[in-house]
Amino acid sequence: MDTSGLTLLTTTHRVAPGLLSWPAWEALRGAPLVLAADPGHPQLPALERAGVRVELVERGTAPALARLLVERSPLVWLGSPDGDPGLTDALARLAVEQAGSVPEIELLPGSYDLPGARLLDLVAVMDRLRSPGGCPWDAEQTHASLVKYLVEEAFELVEAIEEGDRDTLREELGDVLLQVFFHARIAEEHPEDPFTIDEVAGDIVEKLMYRHPHVFGDSDADTTAEVEANWETLKAAEKQDRDSVLDGVPAGLPALAYAAKLVSRVRRAGFDAVPDAPYALPAELDEAAAGRLLLAVVQRAHDAGVDPDAALRAAARGYRDAVRAAEGHPA
C-alpha cells in the first residue's frame with residue numbers, strides 16, 4: 001500500500017468497529033501519520049487495540065481541514081461518521097490552485113454498507129424515539145393506538161401502486177415499514193413476552209425458506225401452478241389444527257376484501273356444500289338483496305381471475321373522474 005500521499009479512509013458505522021477491509025488495515029499500519037477529528041469515532045477503540053496511533057485534530061471549516069491535511073501529508077485521514085461535508089470539494093480546489101504541490105489523493109473505502117444496512121438506522125431512530133428523553137407522543141403509543149395508522153398507510157400504499165406514482169410508492173413503502181418497526185419496538189417492552197425486530201425478521205425468513213423448498217431445498221417447481229400447489233400443501237400441514245376452511249380469515253378486513261378472501265378459501269378447499277349466491281338484479285333491492293348480489297359478483301369475479309376489490313376501486317376512480325369532469329374540473 002502506497003503511503004506517500006493523502007489517503008481519505010471512509011468507514012460506515014453500520015458494521016462492527018474493527019471490521020475493515022484488508023487494504024484499509026494495510027494503509028493504517030503503514031501510514032506515518034493517522035489523523036481524525038471525531039474523538040467519539042467508533043473505530044478509535046479498535047484501532048488503539050490494534051496498535052494504530054491516531055492523532056486527533058480540530059476539524060474546523062472544510063477549507064481549513066483541507067489545508068491541514070495537505071500540509072501534513074503523507075498521512076491517512078480517518079473520515080468522520082458524517083462524511084466531513086465539503087472536504088473533498090475543498091481538496092479539489094486546492095489541487096487546482098496549487099497544481100503540482102498537492103500530494104496524490106486516494107479515497108479508500110475501509111468498510112461499506114451491505115444491502116439493507118439502512119434498516120439499522122431505522123432501528124436506532126425508533127429506539128431513540130421510544131427511550132427516555134425521546135418523543136413523548138411516540139413513547140405513549142401502543143399496538144392498539146397504532147392500528148388506525150397501519151390501516152391508513154396500507155391503503156395509501158395501495159393507492160400509490162394503483163396510480164403508478166413511483167415517488168409516492170417509495171414514500172408509502174417507508175410509512176408501512178415504519179409501522180412494522182414501531183410495533184416491533186413496542187413489543188420489546190412487553191413485561192412477559194418481549195420480542196425484537198430481529199426475531200420478527202428471523203421468523204419470516206424461516207417461513208419463506210420453508211415455503212420455498214424449490215429454491216432453498218430439494219423440491220422441484222418449474223411453474224407458478226406447481227409453486228402454488230406446494231405452497232398450499234405446506235400451509236395445510238402448518239394449519240392442521242384448524243376446524244374450518246375459513247379459520248384465520250380476519251373479520252376486520254373491509255367488507256369486499258373479506259368476501260373475496262372467504263370465496264378464495266372456499267374455492268381452494270373445493271368446498272361446494274354451500275351454493276353460490278344468485279347472480280341477478282332483484283326486483284326490490286334492500287340490504288339483504290344487495291348483499292347477496294355483491295357476494296355473487298365476488299364469487300364470479302374470483303372464478304374469472306378478477307380481484308373484485310381492485311376492480312371496484314378502479315371503477316370508483318373512473319366515476320370520480322367523470323363527476324369532476326362534468327363539474328368542469330381539470331383531470
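Our structure is the block above this text.
Because the structure is predicted, anything quoted here is derived from the model rather than measured. (Residues numbered from 1 in each chain as written. Predicted model: local features only at pLDDT ≥ 70, side-chain atom pairs only at ≥ 80, totals over all residues. Heavy atoms only, no water.)

K.L.:
Honestly, the nonpolar core in this entry has me stumped. Any pointers?
P.N.:
As a rule of thumb, soluble globular proteins bury nonpolar side chains together. If you look at the biggest cluster of nonpolar residues, it comprises 18 residues, and the most contacted ones within it are Leu35, Leu69, Leu75, Trp77, Leu87 and Leu91. When residues of this core are assigned to their parent elements, the largest contribution, 5 residues, is made by helix H3 (residues 62-72). Once residues lying within four places of it in the same chain are set aside, the contact partners of leucine 87 are Ala62, Leu65, Ala66, Leu69 and Trp77. (Core = buried A, V, L, I, M, F, W, Y, C linked by side-chain atoms within 4.5 Å. Buried < 20%, exposed > 50% of the residue type's maximum accessible area, 1.4 Å probe, protein only. Helix = DSSP H or I, 4+ residues; strand = E, 2+ residues; numbered from the N terminus. Contact = heavy atoms within 4.5 Å.)

K.L.:
Looking at this structure, I do not really get the environment of alanine 154. What am I missing?
P.N.:
Turning to its location among the elements, alanine 154 is positioned in helix H7 (residues 143-163). When the C-alpha atoms of alanine 154 and glutamate 172 are compared, they prove to be 8.0 Å apart, with 18 residues separating the residues in sequence.

K.L.:
Is there a simple way to explain the sheet that holds strand E3 (residues 55-56) in this structure?
P.N.:
Within a sheet, each strand pairs with its neighbour through backbone hydrogen bonds, oriented either parallel or antiparallel. In space, the 5 strands of this open sheet follow the order E3-E2-E4-E1-E5, with parallel pairing throughout. Every interior strand has two partners, whereas the edge strands, E3 and strand E5 (105-109), have only one. Bridge count for strand E1 (residues 6-10) against strand E4 (residues 75-78) is 4 bridges, and the pairing is parallel. Within the sheet, the bridge partner assigned to leucine 8 lies in E4 and is tryptophan 77. Packed on one face of the sheet, helix H1 (residues 22-30) meets E1, strand E2 (34-36), E4 and E5 and runs near 130° to E5. Relative to the sheet, H3 contacts E1, E2, E3 and E4, its axis offset from that of E4 by approximately 150°. (Pairing = 2+ DSSP bridges. Axes fitted to C-alpha atoms, helices over the stretch in contact; angles between N-to-C directions.)

K.L.:
What exactly am I supposed to notice about the packing of aromatic side chains here?
P.N.:
Aromatic rings in a pair are described by how distant their centres are and how their planes are angled relative to each other. Going through the model one piece at a time under the given rule, you end up with 1 aromatic pair. Plain terms: the ring middles of tryptophan 137 and tyrosine 149 are 5.9 Å apart, the flat faces sit at 75° to each other, and that makes the pair edge-to-face. Of the two residues, tryptophan 137 is situated in helix H6 (residues 136-140) and tyrosine 149 in helix H7; the sequence distance between them amounts to 12 residues. Using a relative accessible area of 40% as the deciding quantity, one classes tryptophan 137 as partly exposed. (Phe/Tyr/Trp six-rings, centres within 6.5 Å; stacked < 30°, edge-to-face > 60°.)

K.L.:
Got a minute to help me understand a nonpolar patch on the surface in this structure?
P.N.:
On the surface, a nonpolar cluster with roughly 540 Å² of combined accessible area is contributed by Ile204, Val205, Leu208, Met209, Val215 and Phe216. For the nonpolar patch, the leading source of residues is helix H9 (residues 197-210), giving 4 residues. Relative to the assigned elements, methionine 209 resides in helix H9. (Patch = residues over 30% accessible without salt bridge, like charges linked within 9 Å, V, L, I, M, F, W, Y side chains within 5 Å. Areas by Shrake-Rupley, 256 points an atom, 1.4 Å probe, with all protein chains shown as cover. Salt bridge = Lys/Arg side-chain N within 4 Å of Asp/Glu carboxyl O.)

K.L.:
Any chance you could explain the environment of leucine 253 here in plain terms?
P.N.:
Examined against the element boundaries, leucine 253 turns out to sit in the loop between helix H11 (224-238) and helix H12 (255-269). C-alpha separation for the pair leucine 253 and valine 151, spaced 102 residues apart in sequence, amounts to 9.9 Å. With residues up to four places along the chain from it excluded, the contact list for leucine 253 reads Tyr258 and Lys261.

K.L.:
Before we go on, may I ask you to explain the pairing of E4 in this structure?
P.N.:
Along a regular strand, successive side chains alternate from one face of the sheet to the other. Side chains of E4 alternate between two faces, with Leu75 and Trp77 and Val76 and Leu78 buried alike. Pairing geometry for E2 and E4, over 2 bridges, is parallel. The residue of E4 that forms the bridge with leucine 35 is tryptophan 77.

K.L.:
Is there a simple way to think about unusual backbone geometry in this case?
P.N.:
Peptide bonds are trans in most cases, and residues, glycine excluded, mostly fall at negative phi. With omega at 10°, the peptide bond leading from serine 73 into proline 74 counts as cis. Looking at the secondary structure, you find proline 74 in the loop between H3 and E4. The phi torsion at aspartate 84 lies on the positive side, around 50°, for a residue other than glycine. Tracing the chain through its elements places aspartate 84 in the loop between E4 and helix H4 (87-97). By relative accessible area, aspartate 84 is classed as buried at 5%.

K.L.:
Honestly, the pattern of salt bridges in this entry has me stumped. Any pointers?
P.N.:
Pairing between side chains of opposite charge can happen when the charged atoms of each approach one another. Under the definition given, this model contains 16 salt bridges. Here glutamate 55 and arginine 72 are joined by a salt bridge, their closest N and O atoms 2.9 Å apart. Taken together, the positions of glutamate 55 in strand E3 and arginine 72 in helix H3 put the pair 17 residues apart, joining distant regions of the chain. Residue classification places glutamate 55 among the partly exposed positions, given a relative accessible area of 21%. Linking arginine 320 and aspartate 321 is a salt bridge whose minimum nitrogen-to-oxygen distance equals 3.1 Å. Looking at arginine 320, the relative accessible area reads 39%, which means it is partly exposed. Residue aspartate 321 is classed as partly exposed on the basis of its relative accessible area of 41%.

Honestly, that's just the spatial picture; any functional story needs more than this.
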